[in-house]
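# Structural features, examined
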Amino acid sequence: MRKKISLIGAGQIGGTLAHLISIKELADVVLFDVAEGIAKGKALDIAQATAVDGSDVNLIGTSNYEDTNNSDVIIITAGVPRKPGMTRDDLLGTNLKIIKQVAEGIKKTSPNAFVICITNPLDVIVMALQKYSGLPTNKIVGMAGILDSSRFKYFLSQELKIPVKNIDTLVLGGHGDTMVPMPNHTTANGRALTQLLEENTINKKSLDSIISKTRKGGAEIIKLLEKGSAFYAPAASGVEMAESYIKNLKKTLPCAAYLNGEYGVKDLYAGVPVIIGSKGVEKIIELSLSKDEKDNFDLSIKAVKELFSSAVKIDKDLAK
Ligand code: A3D
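The structure contained in this document is the topic of the report that follows. (Residues numbered from 1 in each chain as written. Predicted model: local features only at pLDDT ≥ 70, side-chain atom pairs only at ≥ 80, totals over all residues. Heavy atoms only, no water.)

## Some points on the site of the ligand
Around the ligand, 25 residues are found, and the nearest of them are Gln-12, Ile-13, Asp-33, Gln-101 and Ile-118. Contact distances for the ligand include 2.8 Å between a nitrogen atom and a side-chain N or O atom of Gln-101. Here the ligand has 870 Å² of accessible area as a free molecule, and 89% of this is covered by the chains. Those elements that provide at least two residues to the shell around the ligand are α1 (12-23) and α3 (92-109). By residue number, the principal contributor to the shell around the ligand is α3, which donates three residues. When the residues that make up the shell around the ligand are grouped by side-chain class, the tally is 14 nonpolar, ten polar and one charged. (Near = heavy atom within 4 Å. Polar contact = N/O pair within 3.5 Å; in protein donor to acceptor, adjacent residues only side chain to side chain. Areas by Shrake-Rupley, 256 points an atom, 1.4 Å probe, with all protein chains shown as cover. Helix = DSSP H or I, 4+ residues; strand = E, 2+ residues; numbered from the N terminus. Nonpolar A, V, L, I, M, F, W, Y, C, P; charged D, E, K, R; others polar.)

Structural data, given as structure tokens:
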């Protein structure tokens, strides 16, 4: 039987997710949104595209949680995106309320689903989603690291003039201005970036500027779009996580996962490499970090913890 993916939020990312899932024939799709017309309209539009794409999946749009019953995967993008000049943290109050409603909806209808959250501010919202819904921590993850890594890869590929697929790298930590690109865990054409630095194929100044561009990658797009934030690369990243779960690919992917002592962090969601297979988050990979990387990672964790404290001040239910 075909799998079922429900997309909570049928906005820019939700619609793109639906089309990608349909093109890949990964699952039947339920597009859910409080704005029922948007969900229904996009489902109908993409369903008509299946005739051209040659894909065999069903799509429906709805504002009724019952239609998402027994989903295999749920991807959440419900919430407001940033406007030019805003930080992700500015979205906290509004998106926290929305995520509480979503948690109520999905825990009743799909308690066994693998849930991928994309709504910002990512690490704190995914943590709140887990607390509100009570679903197991290995079944709730946040998407950010794949996107941040894809930005780092893209900027490096432009600088080194090699195809993006020949670059392997990771961005860890929280999905905010303190995210941690990892030059020491980066290879280009199979060669360590540290080595390329030593032989001056890339210089320190260019690398620092690439790291800064990666951290500001989302803001650059928001400024250009004027309305809304990035959605193609975020959707592609969400689909990679869903596919690894549905097909039990056991890929190692950087995701916001629940840490229970790993990396010296307890009871917090943050970006680390994890293996995603049919059991959800099957393993957290603990990399050895250099002093610099560890210092930056700790700084990023501190920022996530501080924002979670602000969330608890907004809603005392999160203190439980
Ligand atoms: P947008 O196009 O505005 O879509 C959001 C949708 O959520 C809208 O259609 C709303 O009607 C809907 N919505 C609002 N409240 C509810 C609710 N209670 N239940 C169901 N649906 C609701 O935004 P978008 O798709 O561009 O972005 C969605 C979220 O993803 C935002 O919070 C962004 O900041 C975030 N985002 C995260 C990343 C990461 O890497 C983590 C990247 C890009 C965007």
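Don't stop here, the text continues.
## A closer look at the nonpolar core
One finds Ile-5, Ile-76, Ile-106 and Ile-116 to be the most contacted residues of the largest nonpolar core, which totals 86 residues. Looking at this core, the element that brings in the most residues is helix α4 (residues 122-133), giving eight residues. Excluding residues that lie within four positions of it along the chain, Ile-5 makes contacts with Ile-21, Leu-26, Ala-27, Asp-28, Val-29, Val-30, Val-73, Ile-75, Ala-242 and Ile-246. Ranked by size, the runner-up nonpolar core spans 15 residues in total, among them Phe-152, Val-171, Ala-188 and Leu-196. (Core = buried A, V, L, I, M, F, W, Y, C linked by side-chain atoms within 4.5 Å. Buried < 20%, exposed > 50% of the residue type's maximum accessible area, 1.4 Å probe, protein only. Contact = heavy atoms within 4.5 Å.)

## A few points about unusual backbone geometry
Here the residue pair Asn-120 and Pro-121 is connected by a cis peptide bond, since its omega of -5 degrees sits within 30 degrees of zero. Locating Pro-121 in the fold gives a position in the loop between β5 (114-117) and α4. A positive phi angle is found at Asn-189, which is not glycine, with a value near 50 degrees. Along the chain, Asn-189 turns up in the loop between β10 (187-188) and β11 (191-192). The exposure class of Asn-189 is partly exposed, given its relative accessible area of 46%. Unusually for a residue other than glycine, Asn-200 sits at a positive phi of about 65 degrees. The topology assignment puts Asn-200 in the loop between α6 (193-198) and α7 (204-215). Its relative accessible area of 55% is what places Asn-200 among the exposed residues.

## Overview of the packing of helix α5 (residues 145-160) against α7
Following both chains from N to C, one finds α5 and α7 inclined at 145 degrees, their axes separated by 9 Å at the closest point. As α5 runs across α7, the sense of the crossing is right-handed. Facing Asp-148, Arg-151, Phe-152, Phe-155, Leu-156 and Glu-159 of α5, the residues of α7 in contact are Ser-206, Leu-207, Ile-210, Ile-211, Lys-213 and Thr-214. Residues of the contact of α5 with α7, tallied by class, amount to six nonpolar, two polar and four charged. (Axes fitted to C-alpha atoms, helices over the stretch in contact; angles between N-to-C directions. Left-handed = near helix turned anticlockwise from the far one by under 90°.)

## Section: the packing of α3 against helix α10 (residues 291-314)
In a packed pair of helices, the relevant descriptors are the angle between the two axes and the axis-to-axis distance. The interhelical angle for the contact between α3 and α10, taken along N-to-C directions, is 65 degrees, at an axis separation of 11 Å. Overall, the two elements α3 and α10 adopt an arrangement that is roughly perpendicular. Our pair here, α3 against α10, has a crossing hand that is right-handed. Counted together, Leu-92, Gly-93 and Leu-96 of α3 and Leu-307, Ser-310, Ala-311 and Ile-314 of α10 form the full contact between these two elements. When its residues are assigned to classes, the contact of α3 with α10 shows five nonpolar, two polar and no charged. (Parallel < 35°, antiparallel > 145°, perpendicular 65-115°, else oblique.)

## What about the pairing of strand β13 (residues 266-277)?
Along β13, ten of the twelve residues are buried, which leaves the element largely enclosed by surrounding structure. Of the strand pairs in this sheet, strand β12 (residues 251-260) and β13 are connected by ten bridges, and their pairing is antiparallel. For Pro-254, the partnering residue across the bridge sits in β13 and is Pro-273. Linking β12 to β13, which pair antiparallel, is a turn of five residues; within it Gly-261 sits at a positive phi near 110 degrees. Relative to strand β14 (residues 280-284), β13 runs antiparallel, the two sharing four bridges. Residue pairing in the sheet places Gly-277 in a bridge with Gly-280 of β14. Counting the residues in the hairpin turn of β13 and β14 gives two residues. (Pairing = 2+ DSSP bridges.)

## Side note on the packing of aromatic side chains
Counted according to the given criterion, the structure contains six aromatic pairs. Consider the rings of Phe-231 and Tyr-232, whose centres lie 4.5 Å apart with planes at 35 degrees: the pair is tilted. According to the relative accessible area criterion, Tyr-232 is exposed, its value standing at 59%. (Phe/Tyr/Trp six-rings, centres within 6.5 Å; stacked < 30°, edge-to-face > 60°.)

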